[in-house]
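# Analysis of the macromolecular model
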Amino acid sequence: QVQLVESGGGLVQAGDSLRLSCGASGRTFSIYSMGWFRQAPGKEREFVAAISWSLGTTHYADSVKGRFTISRDNAKNTVYLQMNSLKPDDTAVYYCAARSAIVAVTTVNGYNYWGQGTQVTVSS
């Protein structure tokens, strides 16, 4: 069993920055890649960023490239999402996800462990 807990969300203004954290516990040895997804009201959950734990490769949605950075800290079993130049369209609940495979994917159904989500609200 793997448990993921997100933190760092909040209310900010457009142009501000936030850093989200996701701590993993339980059978963390089964985690080989992790990702961040977000879901806004009335929309489906969408891919934001992903990272392969062993390969170190990263992937980003086109909408966040150049603004968001995903990183990992193996010693802390934690993945981060640094979000810069936030826009109102970034407003959503952000979810951390984990996958028992080396290659990170960008689809929701590709991940089998999920956190509870943290709210990010960006005002104009």
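Scroll up a little and you will see the structure.
So, a few notes on the structure that sits alongside this text. (Residues numbered from 1 in each chain as written. Predicted model: local features only at pLDDT ≥ 70, side-chain atom pairs only at ≥ 80, totals over all residues. Heavy atoms only, no water.)

On to the state of the cysteines, then. According to the stated counting rule, one finds one disulfide in the structure shown. Each sulfur of the disulfide joining Cys22 and Cys96 lies 2.1 Å from the other. Handedness of the Cys22-Cys96 disulfide follows from its S-S torsion of about -80°: it is left-handed. Pair noted here: Cys22 is in strand S3 (residues 18-26) and Cys96 is in strand S9 (residues 92-99), with a separation of 74 residues, a long-range link. For the pair shown, Cys22 and Cys96 are each scored as buried. (Disulfide = S-S within 2.5 Å. Helix = DSSP H or I, 4+ residues; strand = E, 2+ residues; numbered from the N terminus. Buried < 20%, exposed > 50% of the residue type's maximum accessible area, 1.4 Å probe, protein only.)

So, about the pairing of strand S5 (residues 46-52). Regular strands place side chains that alternate from one sheet face to the opposite one. Most of S5 is tucked away, with six of its seven residues classed as buried. In this structure, strand S4 (residues 33-39) lies alongside S5, joined through six bridges in antiparallel fashion. Across the sheet, residue Phe37 finds its bridge partner in S5, namely Phe47. Between S4 and S5, which pair antiparallel in sequence order, lie six residues; one of them, Gly42, sits at a positive phi of approximately 80°. Sheet topology note: the S5/strand S6 (residues 58-60) ladder contains three bridges and is antiparallel. Residue Ala50 lies in a different strand from S6, and its bridge partner there is His59. With antiparallel pairing between neighbouring strands as the criterion, S5 and S6 make up a hairpin whose turn holds five residues, including Gly56 at a positive phi of roughly 80°. (Pairing = 2+ DSSP bridges.)

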